[in-house]
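# Observations on the model geometry
Take a look at the letters that make up each chain.
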Amino acid sequence: MEREKHENMLMAIARDFNSIDDLIETFLNFLENKTDYFHVMLNDKDVEILSKKYDGAILKNLLNNNNCGFKAHSREQLLIKSFRKHQINYIMRKQPYIIENEEMKNKYLTSCDELKKVKYMPITEHINMKKQESSSKLDSDVHSSNIAQENHISIWNGGKTDKYYWNQALKEINLELPLNEEIKPNDVNVQITNTNIKIYHSGVLKLEGMFYEEVDKQECVWSIEDKKKIIIYLEKKRENWWPCVIKGDTEIDTKNIESKKNLTDFDEKTQGEIRKFLLEQRMKNEGIPTPEDLRKQTMINNVLSSKGSTFDR
């Protein structure tokens, strides 16, 4: 559903361009001017070498901006790998005869690991195998969903208990309560006071306890993620590090807490979420419509321009 939503949004944006090349060029311009996607992270040895060569504003820029961006060559390698994967997926669906014929395959496709995997397999067999794998995976997921590993929030400066995962900054705490069953908003009852929390699902108490310190209940919010997790945002009344969220739960050693963390220390999914959040905040501050704003505007335009609409003239 998420992918389809994003594809529809991109389709609406693509209509404003004369060609796919123009769309891609605009997206790369966006990455260049609005993100640090092309920023190259230097290793410590090279930073030391350059620090001896430059001073003043250049040195300041060098030292301040080396905690963002990516390792050298990693972005283009990832783009090329992703391009090859999607190209082969497309050709296997739309032009399988190219892969079945060795001469054509060598002529029109660049050799890569993904292509080598189907080198000696007739495309009809490959398609059938993919169908069987997909069917087997679906059956496996249905029977083992209760033990399958899930993606959880980062436990940076936090931890996990037998019931929930959590992380923290000086002023806030994020808590994830996985339930391993479908969650509907009407079935959830979250009660947060300045000192306590209670979470019910379908009338069953799932989490209860007293906070390590007081929170500002007016600023605390919750949401449902992936239909199986309840995410709680807690704002602390004072800036400090908590050894636990709920009194009596396993405590962490706050002496080992990192007050700073490089973006690249997070996994790729978390990096993406952080970058998306920072980008949207920057766009809002600069008065630039966010992707969500564009999606809403597209929906409004479609309604206004649709035949039979009360707004149609």
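Here is a short report on the structure shown in this document. (Residues numbered from 1 in each chain as written. Predicted model: local features only at pLDDT ≥ 70, side-chain atom pairs only at ≥ 80, totals over all residues. Heavy atoms only, no water.)

Here we come to the overall build of the protein. Counting its secondary structure elements, the protein contains 11 helices and 10 strands. Burial analysis of the protein (313 residues in total) assigns 24% to the buried set. Summarising the internal contacts of the protein: among those between residues at least 6 apart in sequence, 51% fall at separations of at least 24. In the form shown here, the protein has an accessible surface area of approximately 22700 Å², with 51% of it arising from carbon and sulfur atoms. (Helix = DSSP H or I, 4+ residues; strand = E, 2+ residues; numbered from the N terminus. Buried < 20%, exposed > 50% of the residue type's maximum accessible area, 1.4 Å probe, protein only. Contact = heavy atoms within 4.5 Å. Areas by Shrake-Rupley, 256 points an atom, 1.4 Å probe, with all protein chains shown as cover.)

This part takes up the pattern of salt bridges. Going through the model one piece at a time under the given rule, you end up with six salt bridges. Where E181 meets K206, a salt bridge forms, and the shortest distance between an N and an O atom there is 3.8 Å. A residue pair is termed long-range when its members are at least 10 positions apart, and E181 in the loop between β5 (172-178) and β6 (188-192) and K206 in strand β8 (residues 204-210) qualify at 25 residues. Of the residues examined, E181 reaches a relative accessible area of 34% and is grouped as partly exposed. One salt bridge in this structure joins E213 and R238, with 2.8 Å as the shortest N-O distance. Residue E213 is found in the loop between β8 and β9 (221-225), and its partner R238 is found in the loop between β10 (229-235) and α10 (268-285); the two are separated by 25 residues along the sequence. (Salt bridge = Lys/Arg side-chain N within 4 Å of Asp/Glu carboxyl O.)

As a packed pair, helix α3 (residues 44-53) and helix α4 (residues 56-64) sit with axes 9 Å apart at the nearest point and diverge in direction by 165 degrees. Overall, the two elements α3 and α4 adopt an arrangement that is roughly antiparallel. Considering the relative orientation of α3 and α4, their crossing is left-handed. For the pair formed by α3 and α4, the contact residues are V47, L50 and S51 on the first element and L59, L62 and L63 on the second. The residue inventory of the contact of α3 with α4, partitioned by class, reads five nonpolar, one polar and no charged. (Axes fitted to C-alpha atoms, helices over the stretch in contact; angles between N-to-C directions. Parallel < 35°, antiparallel > 145°, perpendicular 65-115°, else oblique. Left-handed = near helix turned anticlockwise from the far one by under 90°. Nonpolar A, V, L, I, M, F, W, Y, C, P; charged D, E, K, R; others polar.)

Moving on to the nonpolar core. Of all hydrophobic cores here, the largest spans 22 residues; its most connected members are I192, I232, L234 and V245. At the level of secondary structure, the elements contributing two or more residues to this core comprise β5, β6, β7 (196-201) and β10. Leaving out residues up to four positions away in the same chain, L234 has contacts with K171, E172, I173, I192, F211, V215, C220 and V245. I91, M92, I99 and L109 belong to the second-largest nonpolar core, a separate cluster that totals seven residues. (Core = buried A, V, L, I, M, F, W, Y, C linked by side-chain atoms within 4.5 Å.)

Now for the sheet that holds β10. In spatial order, the strands read β3-β4-β5-β10-β9; together these five strands make up an open sheet with antiparallel pairing. The open sheet has two edge strands with one neighbour each: β3 (159-160) and β9. Relative to β10, β5 is paired through seven bridges, and the arrangement is antiparallel. Bridging from a neighbouring strand, E176 pairs with I231 of β10. (Pairing = 2+ DSSP bridges.)

Glancing now at the packing of aromatic side chains. Evaluated as defined, the whole model comprises four aromatic pairs. When the centroid spacing of 5.4 Å and the interplanar angle of 90 degrees are considered together, the rings of Y37 and F38 count as edge-to-face. Taking the relative accessible area as the measure of exposure, Y37 reaches 17% and is therefore buried. For F38, a relative accessible area of 47% translates into the label partly exposed. Each ring, one from F211 and one from W242, has its centre 6.5 Å from the other, and the planes form 45 degrees; the classification is tilted. In this pair, F211 is assigned in the loop between β8 and β9 and W242 in the loop between β10 and α10, connecting sequence segments 31 residues apart. The two residues F211 and W242 agree in class, both being buried. Ring-pair connections join several aromatic residues into one group, and the members of that group are F211, Y212 and W242. (Phe/Tyr/Trp six-rings, centres within 6.5 Å; stacked < 30°, edge-to-face > 60°.)

On to unusual backbone geometry, then. Across residues other than glycine, the phi torsion is negative in most instances, and most of the peptide bonds are trans. Look at N157: it is not a glycine, yet its phi comes out positive at around 60 degrees. Along the chain, N157 turns up in the loop between α9 (123-144) and β3. The backbone of N180 sits at a positive phi, close to 55 degrees, despite the residue not being glycine. Along the chain, N180 turns up in the loop between β5 and β6.

The three strands are arranged β6-β7-β8 in an open sheet whose pairing can be described as antiparallel. A single partner strand is all that each edge strand has here, and the edge strands are β6 and β8. Put simply, the sheet's adjacent strands are angled 5 degrees from each other on average, direction ignored. Of the pairings in the sheet, the one linking β6 to β7 comprises five bridges and is antiparallel in character. Each bridged residue has a counterpart across the sheet, and for Q191 the counterpart in β7 is K198.

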